[in-house]
Amino acid sequence: HTAVARHPSTANDYYLNAKFPNALERVFRLVNQKGAFIHISSLGVVVKSLQDAYTKSKREAELRLKGSRSLIVRPSLIWSKEEKGDAGRLQKFLLRYPISFMVFPGSKYFPVLDKNLAAVIINLTEKGEQAFGVIDIMGDKPFTAWQLARYLAMKHNRKLIPVPMPFRLPFLPSVLRNTDCTVF
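Residues numbered from 1 in each chain as written. Predicted model: local features only at pLDDT ≥ 70, side-chain atom pairs only at ≥ 80, totals over all residues. Heavy atoms only, no water.

A. The arrangement of the packing of aromatic side chains in detail. A complete count under the given rule lists two aromatic pairs for this structure. When the centroid spacing of 5.7 Å and the interplanar angle of 55° are considered together, the rings of phenylalanine 28 and phenylalanine 37 count as tilted. Owing to a relative accessible area of 5%, phenylalanine 37 belongs among the buried residues under this scheme. Ring centres of phenylalanine 104 and tryptophan 146 lie 5.6 Å apart, and the angle between their planes is 85°; this geometry places the pair in the edge-to-face category. One end of the pair, phenylalanine 104, is in strand β4 (residues 99-104); the other, tryptophan 146, is in helix α6 (residues 145-155), with 42 residues separating them in the sequence. Judged by its relative accessible area of 8%, tryptophan 146 falls in the buried class. (Phe/Tyr/Trp six-rings, centres within 6.5 Å; stacked < 30°, edge-to-face > 60°. Buried < 20%, exposed > 50% of the residue type's maximum accessible area, 1.4 Å probe, protein only. Helix = DSSP H or I, 4+ residues; strand = E, 2+ residues; numbered from the N terminus.)

Put into structure tokens, the structure is as follows:
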């Protein structure tokens, strides 16, 4: 089970992201008591400062599944070389105009390729009883949002102009200028 709405805006969207996984897991257990129920969550749920509707709905889904015999998989940014999902949304933004602007350096991610994520999930489910609990999955190499956007822009021969993070402006207090904004 994965999120139905990337940006849940209605009560129905929120229900499907936050409450439906638990209801689905209970029905699944009636049919298959030993099977592996897999819930795809988000690594963002561990970042307490993230309070957007999507992350809140994923946190609630995890809380509702707590104590069940479920495998909760928390991937970092899921990246597709075929420009699907997050990569597709970024590509759509970049291809809208011949020249695009992107925050530099932007947030730092450890993207996991969608095919690798699928292989890890299959491997985990083959372990049987050991597969229950929470598994955080991240890629092995960090990338900033700028680097990911630059990769897509170059691939599609688009011009990408960096917009420096405002923390670098000289008139700001040094505590802000010295903040590593790539960790946000």
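B. Inspection of the sheet that holds strand β7 (residues 133-137) at higher detail. Taken in spatial order, the three strands make up an open sheet running β1-β2-β7, and their pairing is parallel. Each having just a single partner strand, β1 (37-40) and β7 make up the two edges of the open sheet. Across this sheet, the average inter-strand angle for adjacent strands is 20°, counted without regard to direction. Here strand β2 (residues 70-75) pairs with β7 via five bridges, running parallel. Within the sheet, the bridge partner assigned to isoleucine 72 lies in β7 and is valine 134. Contacting β1 and β2, helix α3 (residues 53-65) runs over the sheet at an angle of about 155° to β1. Here helix α5 (residues 114-125) sits on the sheet and contacts β1, β2 and β7; the angle it forms with β2, its principal contact strand, is near 155°. (Pairing = 2+ DSSP bridges. Axes fitted to C-alpha atoms, helices over the stretch in contact; angles between N-to-C directions. Contact = heavy atoms within 4.5 Å.)

C. Representation of the pattern of salt bridges. Applying the stated rule across the entire model yields six salt bridges. The salt bridge involving glutamate 82 is made with lysine 115; its shortest N-O contact spans 3.4 Å. Here lysine 115 lies in helix α5 and glutamate 82 lies in the loop between β3 (78-79) and α4 (85-95), a separation of 33 residues in the sequence. For lysine 115, a relative accessible area of 58% corresponds to the exposed category. (Salt bridge = Lys/Arg side-chain N within 4 Å of Asp/Glu carboxyl O.)

D. Representation of the confidence of the model for the protein chain. With 84% of its residues at a pLDDT of at least 70, the protein chain reaches an overall mean of 83. Within the model, pLDDT remains below 50 along residues 175-184, and this stretch shows 22 contacts once partners closer than five positions in the same chain are excluded. (pLDDT = per-residue confidence, 0-100.)

E. Structural view of the packing of helix α1 (residues 11-18) against α3. Closest axis-to-axis distance for the α1/α3 pair is 7 Å, and the angle between their directions is 45°. Put simply, α1 runs oblique to α3. Facing α1, whose interface residues are Tyr14, Asn17 and Ala18, α3 presents Ala53, Tyr54, Lys56, Ser57, Glu60, Ala61 and Arg64. Its residues assigned to classes, the contact of α1 with α3 shows five nonpolar, two polar and three charged. (Parallel < 35°, antiparallel > 145°, perpendicular 65-115°, else oblique. Nonpolar A, V, L, I, M, F, W, Y, C, P; charged D, E, K, R; others polar.)

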